[in-house]
Amino acid sequence: MSNPTPTPATVELWIRSFAPASAGPTQERALERLEALESSEPIESVEVGVWGKEVEQTTHAARIPQLQRIETRLEAFEQWAADTGRQLEPFFRNTHVESTITGTSHDVWRLPTVALAEFDEDDELVHVAPCRTDDRTVDVFDRFDALVAETEQALTTDGDRRRDEVMTDRPSGGATGYRQRRVEPFSPSSD
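So, here's what we can say about the structure. Every value quoted in this text rests on a predicted model; they were computed, and no experiment measured them.

Focus on the overall build of the protein
On a plain count of helices and strands, the protein comes out with 3 helices and 9 strands. For the protein, the sequential pattern of α-helices and β-strands runs β-α-β-β-α-β-β-β-β-β-β-α. For the protein, the proportion of its 191 residues judged to be buried stands at 39%. For the protein, the share of sequence-separated contacts (at least 6 apart) that also reach a separation of at least 24 residues comes to 69%. Accessible surface computed for the protein: about 10800 Å², of which carbon and sulfur atoms make up 48%.

Here it is in structure tokens:
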């Protein structure tokens, strides 16, 4: 399956907070690559989100903005994968955890050390990495390479185009419908 991915307007990098030192170079490299994309045409914005090794699927997320933002993204990622025929496992995994001591159980999402989400100009999710297609794995750095190639192509093809000095604000708030793969951009000021 080789559906071309449109060049995104917004790129979100998700990194694991407090990851072990062995993950540090991967996160650093991803942050450097993201920084290089920041001034690229036609990408309008780049953002960084932080998550942990796993996040519990809970009703408490509605009261905790960061958890709500992560759950919104993960649900959108799952819908994107279902719509495009991609697989997010083993990188993103839904797991049921039971405690033999307390007798309680809950569902968690196990999360990758780094992930990349791409959105078009209408805030529609157009790609998630890491993911699997039928025959190969697409990791975050594969997507960075593709994005750099696409932005270089856009500059070559449309070299006379000037970027406006004024950026418009994107709406902040909750998600608009997971089924439509439309999600609001990450807004660090909403905490």
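So that's the structure; there's more coming.
Section: the sheet that holds strand β1 (residues 10-16)
Sheet architecture is open: 4 strands sit in the order β2-β1-β6-β7, paired in mixed fashion. Strand pairing shows two members of the sheet lacking a second neighbour, β2 (45-51) and β7 (125-129), which therefore form its edges. If you compare each strand with its neighbour and ignore which way they point, the axes differ by 20° on average. As defined by bridge partners, β1 adjoins strand β6 (residues 114-119) across 6 bridges and the pair is classed as antiparallel. Considered in β6, the bridge of Ile-15 is made with Val-114. Lying on the sheet, helix α2 (residues 65-84) is in contact with β1, β2, β6 and β7; it crosses β7 at an angle near 95°.

Considerations on a nonpolar patch on the surface
Together, Leu-31, Val-48 and Val-50 make up a nonpolar patch on the protein surface, roughly 190 Å² of accessible area in all. With respect to the element layout, Val-48 can be found in strand β2.

Quick notes on α2
In this model, α2 (20 residues) spans 28 Å end to end at C-alpha, consistent with the 28 Å of a helix rising 1.5 Å per residue. Here α2 has its buried residues at Arg-69, Ile-70, Glu-71, Thr-72, Arg-73, Leu-74, Ala-76, Phe-77, Gln-79, Trp-80, Ala-81 and Thr-84. A positive backbone phi angle near 75° is found at Gly-85, which sits one or two residues after α2.

Observations concerning the sheet that holds strand β4 (residues 93-98)
Strand order in the open sheet formed by 3 strands is β3-β5-β4, and the pairing between neighbours is antiparallel. Looking at which strands have only one partner, the edges of the open sheet turn out to be β3 (54-56) and β4. Each strand axis lies, on average, 30° off the axis of its neighbour in the sheet, ignoring direction. Of the strand pairs in this sheet, β4 and strand β5 (residues 105-110) are connected by 6 bridges, and their pairing is antiparallel. The residue bridging Arg-93 from the neighbouring strand is Arg-110, located in β5.

Structural notes on unusual backbone geometry
For the bond from Glu-89 to Pro-90, the omega torsion is 10°, close enough to zero to count as cis. Relative to the helices and strands, Pro-90 is located in the loop between α2 and β4. Residue Pro-130 is reached from Ala-129 by a cis peptide bond, and omega for that bond is 5°. With respect to the element layout, Pro-130 can be found in the loop between β7 and β8 (131-132). Positive phi, normally seen in glycine, also occurs at Asp-123, with a value near 60°.

A word on the side chain of Thr-10
Within the secondary structure, Thr-10 is located in strand β1. Using a relative accessible area of 1% as the deciding quantity, one classes Thr-10 as buried. For Thr-10, the side chain forms a polar contact with the side chain of Ser-45, separated by 3.3 Å.

Regarding a negative patch on the surface
The grouping of Glu-28, Glu-32, Glu-35 and Glu-38 at the surface amounts to a negative patch. Mapped onto the secondary structure, Glu-38 falls in the loop between α1 (24-37) and β2. On the accessibility criterion, Glu-38 (46% relative accessible area) is partly exposed.

About the thresholds
- Residues numbered from 1 in each chain as written.
- Predicted model: local features only at pLDDT ≥ 70, side-chain atom pairs only at ≥ 80, totals over all residues.
- Heavy atoms only, no water.
- Helix = DSSP H or I, 4+ residues; strand = E, 2+ residues; numbered from the N terminus.
- Buried < 20%, exposed > 50% of the residue type's maximum accessible area, 1.4 Å probe, protein only.
- Contact = heavy atoms within 4.5 Å.
- Areas by Shrake-Rupley, 256 points an atom, 1.4 Å probe, with all protein chains shown as cover.
- Pairing = 2+ DSSP bridges.
- Axes fitted to C-alpha atoms, helices over the stretch in contact; angles between N-to-C directions.
- Patch = residues over 30% accessible without salt bridge, like charges linked within 9 Å, V, L, I, M, F, W, Y side chains within 5 Å.
- Salt bridge = Lys/Arg side-chain N within 4 Å of Asp/Glu carboxyl O.
- Expected span 1.5 Å × (residues − 1).
- Polar contact = N/O pair within 3.5 Å; in protein donor to acceptor, adjacent residues only side chain to side chain.
- Lys, Arg positive; Asp, Glu negative; His and termini not counted.
- Charge placed at Lys NZ, Arg CZ, Asp CG, Glu CD.

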